[in-house]
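Each chain, written out:
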Amino acid sequence: MQQRTFGRTGWSVSEVGYGMWGMGSWSGSNDDESMDSLERAVDLGCNFFDTAWAYGQGHSERLLGRLLKSRPDVRLYTASKIPPKNMKWPAADDMRLDDTYPPDHIREFTEKSLANVGVDTLDLIQLHTWSDAWADDPRWQKAVASLKAEKLVRAVGISVNRWEPANGVKALRTGLIDAVQVVYNIFDQAPEDELYPVCRELGVAVIARVPFDEGTLTGTLKLDTTWPDGDFRNLYFAGDKLRASVEHAEQLRPDIPSGMTMPELALRFILANPDVGTIIPGMRKRAHVDANLGVSDGKPLDAAVMQRMRAHRWDRRPVRLS
């Protein structure tokens, strides 16, 4: 497993981390299988684990806590997220800070995450939604600064809205944000335009999320793919979105190098960008852990392939999913 420096924190983290959303509340999750997958990831050198209170109302956080207890001899980096008070994703500019991250809410859910994970200090706490409309509000600034001063967290981050990567630059320029989590993949290349240059300038770590576009870039979706009631993907692929996603995946197939799978190509595309500190693919099964972490082998993606990937950029309009 290759490692990278996590921005100005100086942490040495695995370039492929572990996204724990799926094991929190997605249909088909099984705790025994989840723990086996997490243990396997540690054995393969993964040391960065990203969870959130919203992933099963603390369930995913508690699984991470079980992992930490079982591997006290290994330095594992813990990252969690505070949900917005109104529980709405994504954030909208007309939402007030009082609707989303008032100081008492930031404190309350940091303490909940600490209890769920079973630690005195989290490495990284993130605001699970963000709008730069709040960037200049001193209340959230003082709240997160206090968390660090009291050593409840080592670093603070934000998770920026899907398809709005520039809607976070003002927050980064406050100097209070150590890491930014953003959707970045073969289709979603927009973070390269404005966000990543600011991250380089300020030493802000980048966490690349949704590397497979919620499944599109696994190459397994079909026009008749369905999910159980309550599954997030019913919202994400609603209307004509499933058809459009399948079409974009099919257009990508001819550009996949011989002997490489679509998921491998998706991860290698992201790893080719040195601005990325770690990728957090969602994984629930041991086979997925083996495949995803196996991509971290230090072999760069061919420059000609990278160039072909530029033609697959797919800029989309933000939509509310909750």
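Turning to the overall build of the protein chain, a few remarks are in order. Assigned secondary structure in the protein chain consists of 13 helices and 10 strands. What you see for the protein chain is a C-alpha radius of gyration of 19 Å, in line with the 20 Å of a compact globule of 322 residues. Oriented by its inertia axes, the alpha-carbon framework of the protein chain measures out at about 50 × 45 × 40 Å. In the protein chain, the proportion of contacts linking residues at least 24 apart, taken out of those at least 6 apart, comes to 77%.

A few words on the packing of helix H2 (residues 31–43) against helix H3 (residues 59–70). Packing of H2 against H3 brings their axes to within 10 Å, and their N-to-C directions diverge by 50 degrees. Comparing the axis directions of H2 and H3 gives the class oblique. With respect to the hand of their crossing, H2 and H3 are arranged in right-handed fashion. Along its contact with H2, which presents Asp31, Ser34, Met35, Leu38, Glu39 and Val42, the element H3 presents His59, Leu63, Arg66, Leu67 and Ser70.

Taken in spatial order, the eight strands line up as S3-S4-S5-S6-S7-S8-S9-S10 in an open sheet, and their pairing is parallel. Only two strands of the sheet have a single neighbouring strand rather than two, namely strand S3 (18–19) and strand S10 (278–279). The pairing of strand S8 (residues 179–183) with strand S9 (residues 205–209) spans five bridges and is parallel. Bridge pairing links Val182 to Ala208 in S9.

Rules of the game
Residues numbered from 1 in each chain as written. Predicted model: local features only at pLDDT ≥ 70, side-chain atom pairs only at ≥ 80, totals over all residues. Heavy atoms only, no water. Helix = DSSP H or I, 4+ residues; strand = E, 2+ residues; numbered from the N terminus. Rg over C-alpha atoms; globule rule 2.2 N^0.38 Å. Contact = heavy atoms within 4.5 Å. Axes fitted to C-alpha atoms, helices over the stretch in contact; angles between N-to-C directions. Parallel < 35°, antiparallel > 145°, perpendicular 65-115°, else oblique. Left-handed = near helix turned anticlockwise from the far one by under 90°. Pairing = 2+ DSSP bridges.

Distances and angles like these do not, on their own, reveal function.
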